[in-house]
Amino acid sequence: MCQCCSIPEAPIPAAPVPQSKTEELRLEKLRELYPKPFVVHTSLVFNPINLNFEKNLSFEIDPAIGLITGVIERTGFDASVGENDLDLRKKVVLPGFVDAHTHIFLHSYDEADNAKQKRDESFVERVLRATNHCSSALLAGYTTYRDLGSEGMQEADANFRDAINRGIIPGPRLYVATKVLASVTGIMTHTENRIGGTRIAETSEACDGEVEIRKAVRRRLGMGCDVVKFFADYRKRVMRFPPATPHPYLSSVMFPPEIPNPDVILYTQEEMNVLCEEAASADCPVAAHCATNRAVQMASKAGVRTIEHAFWCDQKTLDIVKENKTIIVPTLSIAERLYGENFPSMLTKTYNAWKMGITQACGGDTGTFNHGENIREAELFRESGVPVEDTLRCLTFNGWLACGGHSTGRKFGWLAEGCAADIVAVDEDPRQNFGTLRKISFVMKDGKPYKMDGIKLF
Ligand SMILES: [Zn+2]
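The rules behind the values
Residues numbered from 1 in each chain as written. Predicted model: local features only at pLDDT ≥ 70, side-chain atom pairs only at ≥ 80, totals over all residues. Heavy atoms only, no water. Helix = DSSP H or I, 4+ residues; strand = E, 2+ residues; numbered from the N terminus. Rg over C-alpha atoms; globule rule 2.2 N^0.38 Å. Buried < 20%, exposed > 50% of the residue type's maximum accessible area, 1.4 Å probe, protein only. Contact = heavy atoms within 4.5 Å. Areas by Shrake-Rupley, 256 points an atom, 1.4 Å probe, with all protein chains shown as cover. Donors = N, O, S within 2.8 Å, 3.2 Å for Na, K, Ca; no water. Pairing = 2+ DSSP bridges. Axes fitted to C-alpha atoms, helices over the stretch in contact; angles between N-to-C directions. Right-handed = clockwise from strand over helix to strand, strands pointing away.

J.: Help me out: how do you make sense of the overall build of the chain in this one?
T.: Counting its secondary structure elements, the chain contains 13 helices and 22 strands. In terms of overall size, the chain behaves like a compact globule, its C-alpha atoms giving a radius of gyration of 22 Å where 458 residues would be expected to give roughly 23 Å. Each of the 458 residues in the chain was classed as buried or not, and the buried ones make up 55%. Put simply, of all contacts in the chain between residues at least 6 apart along the chain, 70% involve residues at least 24 apart. Counting only carbon and sulfur atoms, one obtains 51% of the accessible surface of the chain, whose full area is about 20,000 Å².

Here is the structure:
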């Protein structure tokens, strides 16, 4: 077991020791491309493992491999700052942020609703927008995104991830789901016009029953997903009482029932079990979209790593989540926009889950509102009453756990030897002014600085 997260440890080399001649040559080549190792000096740095703000640490960084290779504990504020070193001693330093629920191919629903984006925007436009979204996120301090569904863009999220990892464009480290899984017609974007097969680009891959589900999981794995996402429930019966939106030129039907479009369960317990079992055999984490208590309970029992939304959890459901050590990503930022007067109950639930010791991660469903505004989720954790330090843990280390922890093959979300050199800095102490997180002054990802003194470097 590993000290940091009580999850069995996979063998990740902590220090960059070349194991063969080929690796040595590769490292040499990388050193030609990147500058030599350097040191980042700090005077106050947040440690999400022990929830302390630690003083006077210096981090040795090797940009050729993007890792922290050593941590030096200084005796005081003073440091001998070398020519290539970075001095963050007058700032407050944190690990790079993780947004655990994003959609790079979506922009704010205030600009265009989901169906319009899928229907009217070209593939190229959506890719270019995603490029901007990733820049904005990185400059806002987000060095990792768990991107849960390509929203009609098929497997383009996996290609996008690879483009970032090849250094072609700047952006957060992406963990992607490609297409999400749902039972037949479970989450399609509905349109009343089916003449000539009229349809909007599909978000999901339909699969029902053991054979299809195993096959769909295997297909997602083969297509390059980092996480398998499925819909445990959804507002499936929308065509029964079609609403005006997303078709503003059509009117709503008259006299709909009080709840015209309730969430319904999309899979049996056995189906969810099979889905998780198949993903587990490839050491791939599973994320489940769940709005209802029943869906949360079923998905948690099936062994998903994270529950997305979990809007209406009652105590019994939270008990089951705790028992199964499932992570909740409450997506408060989208809930705030959707649920108006019922929203305070979701803040209470988030606080109660924290009090019970349930692991939660900050993920806003970012993309339904603007990328770059991701910090809203952490602000809402604070509003719920979760303390600053715990909120910062949900924003960093717990994001790593949500992405799959050790199964990601990289350590990020905290700053120690062997971790990715993902470092952000702000000018004020978030314990005194949480709003300082909206003004990120410094961003480094994998040992490469992207923002310094508030100025973008790319
Ligand atoms: Zn989402």
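J.: Honestly, the coordination of the zinc ion in this entry has me stumped. Any pointers?
T.: Six octahedral donors at a metal ideally form angles of 90 or 180 degrees, and four tetrahedral donors ideally form angles of 109.5 degrees. Those donors, His 101 (NE2), His 103 (NE2) and Asp 365 (OD), are the protein atoms that reach the zinc ion, and they lie 2.1 to 2.2 Å from it. Site description for the zinc ion: donor spacing in sequence, H-x1-H-x261-D. Among the residues examined, His 101 registers a relative accessible area of 0% and is labelled buried. For His 103, a relative accessible area of 3% translates into the label buried.

J.: Sorry if this is basic, but what is going on with the sheet that holds strand β8 (residues 97–102) here?
T.: Strand pairing in a sheet is mediated by backbone hydrogen bonds. Such pairs are either parallel or antiparallel. Taken in spatial order, the 3 strands make up an open sheet running β8-β9-β10, and their pairing is parallel. The strands lining the two open edges of the sheet, one partner per strand, are β8 and β10 (173–176). Strand after strand, the sheet turns through a mean of 15 degrees between neighbouring axes, direction not considered. Both β8 and strand β9 (residues 142–147) contribute to a ladder of 4 bridges, which runs parallel. Opposite Val 98, over in β9, you have Thr 144 as the bridge partner. Packed on one face of the sheet, helix α4 (residues 156–165) meets β9 and β10 and runs near 160 degrees to β10.

J.: Got a minute to help me understand the environment of Gly 171 in this structure?
T.: As for its position among the elements, Gly 171 is in the loop between α4 and β10. Put simply, Gly 171 and Asn 293 are 122 residues apart on the chain and 35 Å apart in space, counted from C-alpha to C-alpha. Among residues more than four places away in sequence, those in contact with Gly 171 are Cys 134, Leu 138, Ile 164 and Lys 445.

J.: What is the right way to read the pairing of strand β16 (residues 286–290) from this model?
T.: Consecutive side chains along a regular strand alternate between the two faces of the sheet. Most of β16 is tucked away: 5 of the 5 residues are buried. Burial along β16 is two-sided: the face carrying Val 286, Ala 288 and Cys 290 and the face carrying Ala 287 and His 289 are both buried. Bridge analysis of strand β13 (residues 228–231) against β16 gives 4 bridges, and the strand direction is parallel. When the sheet's bridge partners are listed, Phe 231 is paired in β16 with His 289. The pairing of β16 with strand β17 (residues 306–309) spans 4 bridges and is parallel. Paired with His 289 across the strands is Glu 308, a residue of β17. For the crossover that starts at β16, traverses helix α7 (residues 293–302) and ends in the parallel β17, the hand is right-handed.

J.: Explain unusual backbone geometry to me, please; I cannot follow it from the model alone.
T.: Leave glycine aside and you will find that most residues have negative phi; peptide bonds, for their part, are mostly trans. Unlike most non-glycine residues, Leu 51 shows phi in positive territory, near 65 degrees. One can find Leu 51 in the loop between β2 (44–47) and β3 (52–55). Assessed through its relative accessible area of 26%, Leu 51 is described here as partly exposed. In the Ramachandran plot, Gln 154 falls in the positive-phi region, its phi being about 55 degrees despite a non-glycine side chain.

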